[in-house]
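Topology and contacts: notes
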Amino acid sequence: NIKSDCTVDEGEPVAEICRRAAENDLVIIGHRPSKAIDNHGGIRSSIAEDLANYCPRPLMVIQDESQIWTKMKILVSVDHLNIGFILAALQTATMLQLAPEIECLATGVHEQNPEHIIRDLRNAYKVLCEAPMGVTVLGGGDHHSLWSPEAVEFQVKASADTLLAIPTRKVGDQRITIFGSSPKIFVRQLTLPTVLLCPEENLNRITLDAVKLAEQQRS
């Protein structure tokens, strides 16, 4: 009983999909790594890879068969906590009927006890009190912030029944993932069957209202 429409647009595929995406809450696309060579001798980007850089709405990239999801793991950076993204991810989890779990990644830039991080978040935003939360401290190398153009080594993994939600963010004239790599490269090297990429800057109206409600809860 799902109502659907079929529309055919003419034009450059990425631009047309982005245009329509602005009117919707979620974009879903299949991905198969391209083997075609571009004019410069490099690998030509697939449509999914380009959309990862430009899509204004959450983008679900599916490149292999997966189990039916029952959970969503939401990755966030302790160095840059965007409550708007967290609420948008929680809203998407509710829409997909998935149990959310928030994993906070810390690099040591701001030294704080992991238990205090979770406590402070729950105290600040009551909406987070029900969601399971954990903190992962990234080890090895010099401490530096996530959300920098320098890629951070982190093994992205999730159980087969878990959808992974990863934020992306505009930094200067480029878009990067929480790990510092460009979304295009992240998708090209993706080993997971499915991933959900969420641009932090573009929140829909419902999510913005949820942010206002969360801010009211703080005061």
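What counts, and at which threshold
- Residues numbered from 1 in each chain as written.
- Predicted model: local features only at pLDDT ≥ 70, side-chain atom pairs only at ≥ 80, totals over all residues.
- Heavy atoms only, no water.
- Helix = DSSP H or I, 4+ residues; strand = E, 2+ residues; numbered from the N terminus.
- Contact = heavy atoms within 4.5 Å.
- Areas by Shrake-Rupley, 256 points an atom, 1.4 Å probe, with all protein chains shown as cover.
- Buried < 20%, exposed > 50% of the residue type's maximum accessible area, 1.4 Å probe, protein only.
- Core = buried A, V, L, I, M, F, W, Y, C linked by side-chain atoms within 4.5 Å.
- Salt bridge = Lys/Arg side-chain N within 4 Å of Asp/Glu carboxyl O.

**Side note on the overall build of the protein**
Helices and strands together make up the secondary structure of the protein, namely six helices and eight strands. Moving toward the C terminus, one meets the helices and strands of the protein in the order α-β-α-β-β-α-β-α-β-β-β-α-β-α. Across the protein, contacts joining residues at least 24 apart in sequence account for 74% of those joining residues at least 6 apart. With the model as given, the accessible surface of the protein reaches about 12500 Å², and the carbon-plus-sulfur share is 50%.

**Overview of helix 2 (residues 47–54)**
For helix 2, the tally of buried residues reaches six of eight residues, placing the bulk of the element in the interior. Every buried residue of helix 2 is listed here: Ala-48, Glu-49, Asp-50, Leu-51, Ala-52 and Asn-53. Packing partners of the buried residues in helix 2 comprise helix 1 (13–21), strand 1 (27–30), strand 2 (59–62), strand 7 (174–177), helix 5 (183–188) and strand 8 (194–199).

**Description of the nonpolar core**
Met-72, Ile-74, Ile-86, Ile-102 and Leu-128 are the most contacted members of the largest nonpolar core, which totals 28 residues. Breaking this core down by element, the ones donating at least two residues are strand 3 (71–77), helix 3 (83–95), strand 4 (99–106), helix 4 (114–124), strand 6 (162–171) and strand 8. The element that contributes the greatest number of residues to this core is helix 3, accounting for seven residues. In this view, Ile-74 contacts Phe-85, Ala-89, Leu-90, Pro-100, Glu-101, Ile-102, Glu-103 and Ala-165; residues no more than four positions away in its chain are not counted.

**Some remarks on unusual backbone geometry**
For Gln-97, which is not glycine, the phi dihedral falls at a positive 60°. Topologically, Gln-97 is positioned in the loop between helix 3 and strand 4.

**A few points about the pattern of salt bridges**
All chains considered together, the criterion is met by seven salt bridges. In this structure, Arg-19 and Asp-9 form a salt bridge, with 3.6 Å as the shortest nitrogen-oxygen distance. A residue pair is termed long-range when its members are at least 10 positions apart, and Arg-19 in helix 1 and Asp-9 in the segment before helix 1 qualify at ten residues. Between Arg-20 and Asp-9 there is a salt bridge, with the nearest N and O atoms lying 2.5 Å from each other. Taken together, the positions of Arg-20 in helix 1 and Asp-9 in the segment before helix 1 put the pair eleven residues apart, joining distant regions of the chain. Taking the relative accessible area as the measure of exposure, Asp-9 reaches 31% and is therefore partly exposed.

**Observations concerning the environment of Arg-119**
By secondary structure assignment, the location of Arg-119 is in helix 4. Taking the relative accessible area as the measure of exposure, Arg-119 reaches 43% and is therefore partly exposed. For the pair Arg-119 and Met-133, spaced 14 residues apart in the sequence, the C-alpha separation amounts to 9.9 Å.

**Some thoughts on helix 1**
Taken residue by residue, helix 1 has Val-14, Glu-16, Cys-18 and Ala-21 as its buried positions. Each element contacted by the buried residues of helix 1 is listed here: strand 1 and helix 2.

**Here's the deal with the side chain of Thr-194**
By the secondary structure assignment, Thr-194 is in strand 8. With residues near it in sequence (within four places) discarded, Thr-194 still touches Met-60, Val-61, Ile-62, Asp-64, Ser-66, Trp-69 and Leu-163.

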